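Chain residues, written in single-letter form:
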Amino acid sequence: MRILTGIQPSGRLHLGNYLGAMRQCVELQAKADDCYYFIADYHALTTVSDPQALRDAIRGVALDFLSAGLDPEKVVFFRQSDVPEVQELTWLLSIVTPMARLELAHSYKDKLAHGKEATHALFTYPVLMAADILLYQSDLVPVGKDQKQHLEITRDLAAKFNQKFGEVFKMPEGYIPETVATVPGTDGQKMSKSYGNTIPLAGTPKEIKKAIMGIVTDSAPVEAKKDPETNNVYKIYKLLATPEQAAEMAERFRAGGYGYGDAKKELLRVYEEVLAPFRERRARYEAHPDEVRDILASGAAKARAEARRTLEAARRAVGLD
Ligand code: TYM
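None of these values were measured; they are calculated from a predicted model. Sequence order as written defines the numbering, with residues in each chain counted from 1. It should be noted that, the model being predicted, local features are given only for residues of pLDDT at least 70 and side-chain atom pairs only at 80 or more, the latter also being counted only at that level, while totals for whole chains, interfaces and linings use all residues. With hydrogens and water stripped out, all remaining heavy atoms of the structure feed into the side-chain values.

Visitor: Teacher, can you tell me more about the nonpolar core here?
Guide: Side chains that are nonpolar tend, in soluble globular proteins, to be buried together. As used here, the term nonpolar core means buried Ala, Val, Leu, Ile, Met, Phe, Trp, Tyr and Cys residues forming a set that is joined through side-chain atoms within 4.5 Å. For every residue, the accessible area (1.4 Å probe, protein chains only) is compared with the maximum for its type, and the residue is labelled buried under 20%, exposed over 50%, or partly exposed between those bounds. In terms of nonpolar packing, the biggest core is built from 61 residues, with Leu 15, Tyr 37, Phe 77, Ile 199 and Tyr 271 touching the most fellow members. Every residue pair with non-hydrogen atoms within 4.5 Å of one another is taken to be in contact. What Phe 77 contacts, discounting residues up to four positions off in sequence, is Tyr 37, Ile 39, Val 61, Ala 62, Phe 65, Leu 66, Leu 70, Ile 295, Leu 296, Gly 299 and Ala 300. Within the second largest apolar cluster, 41 residues are counted, among which are Leu 4, Phe 38, Val 168 and Phe 169.

Visitor: I tried to follow the site of the ligand on my own but got confused; where do I start?
Guide: Not every one of the 28 residues close to the ligand is listed here, only the nearest: Gln 8, Tyr 125, Asp 132, Asp 146 and Val 183. By the criterion applied in these results, polar contacts are pairs of N or O atoms within 3.5 Å in which, for protein atoms, one can donate a hydrogen and the other can accept it, and in which residues neighboring in sequence qualify only through two side-chain atoms. A distance of 2.7 Å is found between a nitrogen atom of the ligand and a side-chain nitrogen or oxygen belonging to Asp 132. Starting from 710 Å² of accessible surface for the ligand in isolation, the protein chains cover 96%. Listing elements by their share of the shell around the ligand, those giving two or more residues are β1 (2–7), α1 (15–31) and α7 (120–135). Throughout this entry, Asp, Glu, Lys and Arg are counted as charged residues, while Ala, Val, Leu, Ile, Met, Phe, Trp, Tyr, Cys and Pro are counted as nonpolar. The remaining residues, Gly among them, count as polar. For the shell around the ligand, the per-class residue count stands at 14 nonpolar, eleven polar and three charged. By convention in these notes, a residue is near a molecule or strand provided one of its non-hydrogen atoms lies within 4 Å of it. Reported accessibility uses the Shrake-Rupley method at a 1.4 Å probe radius. Residues are deemed covered only where the shown protein chains occlude them. Secondary structure elements are defined from DSSP: runs of H or I of at least 4 residues count as helices, runs of E of at least 2 residues count as strands, and each element is numbered from the N terminus.

Visitor: Explanation requested: helix α10 (residues 232–240) in the structure shown.
Guide: Given 3.6 residues to a turn, an α-helix orients residues that are three or four positions apart in the same direction. In terms of burial, α10 is largely enclosed, as seven of its nine residues are buried. Within the span of α10, buried status applies to Asn 232, Val 233, Tyr 234, Ile 236, Tyr 237, Leu 239 and Leu 240. Here α10 starts with a cap whose side-chain oxygen sits 3.2 Å from the backbone nitrogen of Val 233, and that cap is Asn 231.

Visitor: Would you mind showing me how to read the packing of helix α12 (residues 260–274) against helix α13 (residues 276–287) here?
Guide: The description of two helices packed together rests on the angle between their axes and the distance between the axes. Direction vectors running N to C along α12 and α13 enclose 45°, while the axes themselves pass 4 Å from each other. Classified by the angle their axes make, α12 and α13 are oblique. Residue-level contacts link Glu 272, Glu 273 and Val 274 of α12 to Ala 276, Pro 277 and Arg 279 of α13. Residue composition of the contact of α12 with α13, by class: three nonpolar, no polar and three charged. To obtain each axis, a line is fitted to C-alpha atoms, and for helices this fit is confined to the stretch in contact; angles are then taken between N-to-C directions over 0 to 180 degrees. These descriptions rest on fixed angle ranges, namely under 35 degrees for roughly parallel, over 145 for roughly antiparallel, 65 to 115 for roughly perpendicular, and the rest for oblique.

Visitor: Help me understand the packing of aromatic side chains in this model?
Guide: The description of two aromatic rings rests on the distance between their centres and on the angle between their planes. In this analysis, rings of Phe, Tyr and Trp, with Trp reduced to its six-membered ring, are considered paired at centre separations within 6.5 Å, and the interplanar angle assigns stacked below 30 degrees, edge-to-face beyond 60, and tilted for intermediate values. Summed over the entire model, instances satisfying the criterion amount to eleven aromatic pairs. Between Tyr 36 and Tyr 136 the ring centres are 5.3 Å apart and the planes differ by 40°, which places this aromatic pair in the tilted class. Taken together, the positions of Tyr 36 in strand β2 (residues 34–39) and Tyr 136 in the loop between α7 and β4 (140–142) put the pair 100 residues apart, joining distant regions of the chain. The same class applies to Tyr 36 and to Tyr 136, which are both buried. The interplanar angle of 70° and the centroid separation of 5.1 Å between the aromatic rings of Phe 253 and Tyr 258 together place this pair among those described as edge-to-face. For the pair shown, Phe 253 and Tyr 258 are each scored as buried. Here the basic side chain of Lys 226 rests over the ring of Tyr 260, its NZ or CZ set 5.5 Å away from the ring centre. Remark: a charge is flagged as sitting over a ring if the NZ atom of Lys or the CZ atom of Arg is within 6 Å of the ring centre and within 35 degrees of the ring normal.

Visitor: Help me out: how do you make sense of the pairing of β2 in this one?
Guide: Side chains on a regular strand alternate between the two faces of the sheet. Taking burial as the measure, the six residues of β2 include five buried ones, the bulk of the element. Here, any two strands with at least 2 DSSP bridges between them count as paired. Relative to β2, β1 runs parallel, the two sharing six bridges. Looking at the pairing, Leu 4 lines up with Tyr 36 of β2. Crossover handedness is defined by viewing with both strands directed away from the observer: a clockwise path from the first strand over the helix to the second marks the crossover as right-handed. Once the chain exits β1 it traverses α1 before rejoining the sheet at β2, and the crossover so formed is right-handed. Direction of pairing for β2 relative to strand β3 (residues 75–79): parallel, over a ladder of five bridges. Its bridge partner being in β3, Ile 39 is matched across the sheet by Arg 79.

Function-wise, these values are silent; they only describe arrangement.
Next comes the structure, spelled out in structure tokens:
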């Protein structure tokens, strides 16, 4: 079983990325024989136009992803742009991609609604993502819910290509556990860099404290009985805490006499506890940049060999052999 996912280096990673995708990646590496995880730097070019900012973000995602607990012995960890074969496959897939399918993509429409220029790269983003997934003959793709439509497009393109040119691609499935499919941000909307509502993974203690203490709540007084399921602090807490800890906080809210300030302090405590191993590993990788470079270089070599096999098959299928 091959597991594959990518993360864009379009800024600093946050708790939504960790709970929505990275934690599943680490869990799955113990169960699956084959994991391909990569830094989606070609994709990030659709939103990052400052070269130094891109370099910094690539380095940040490399450190964060490894520090989440990837086992470099088990996982093929690489940079998307180290395997340029993905671009050729994007072209081969684009010949079976209906324009209308891309015009209806939520993330494209959303970016335009937020004032982004309608570039060709933004428009074909889902085709490149399909190529990422199909190039490595992936079985399972752990992602958050915001990527669900991209996975549907991927499956459509695989089916269309296979039907037209013969069986080349495996049909991938998404892996989107319901509880963490959409991690809320500090304002209750989906946690996202573009909404400015994130809790950063590798932030300073001050930044993390500021983000958690800034979680938006209603103005119910401490004494009031509160419904835990409607407050943002509890919603984030229950994703990080143990079921027993979550039940205890829920009970306190329901009983009254428990304020949001105390709940935020408890969330901060659990956040620090759960992410302590992440921070330790990150400090170690930061001190050993050569190790990170070597991991990415060996990942790229393995990924490229695999990519060439699929690309050859796709080229043969369309008559480019
Ligand atoms: P990206 O870089 O925006 O996000 C990386 C992963 O984090 C998940 N995520 C969330 N999950 C739950 N709640 C949230 N608030 C939240 N915010 C982010 C995303 O769903 C994603 O799984 N297009 C992809 C990158 C990509 C990719 C791929 C993924 C490129 N090629 C191939 C899988 C397979 C993206 O923009 O993710």
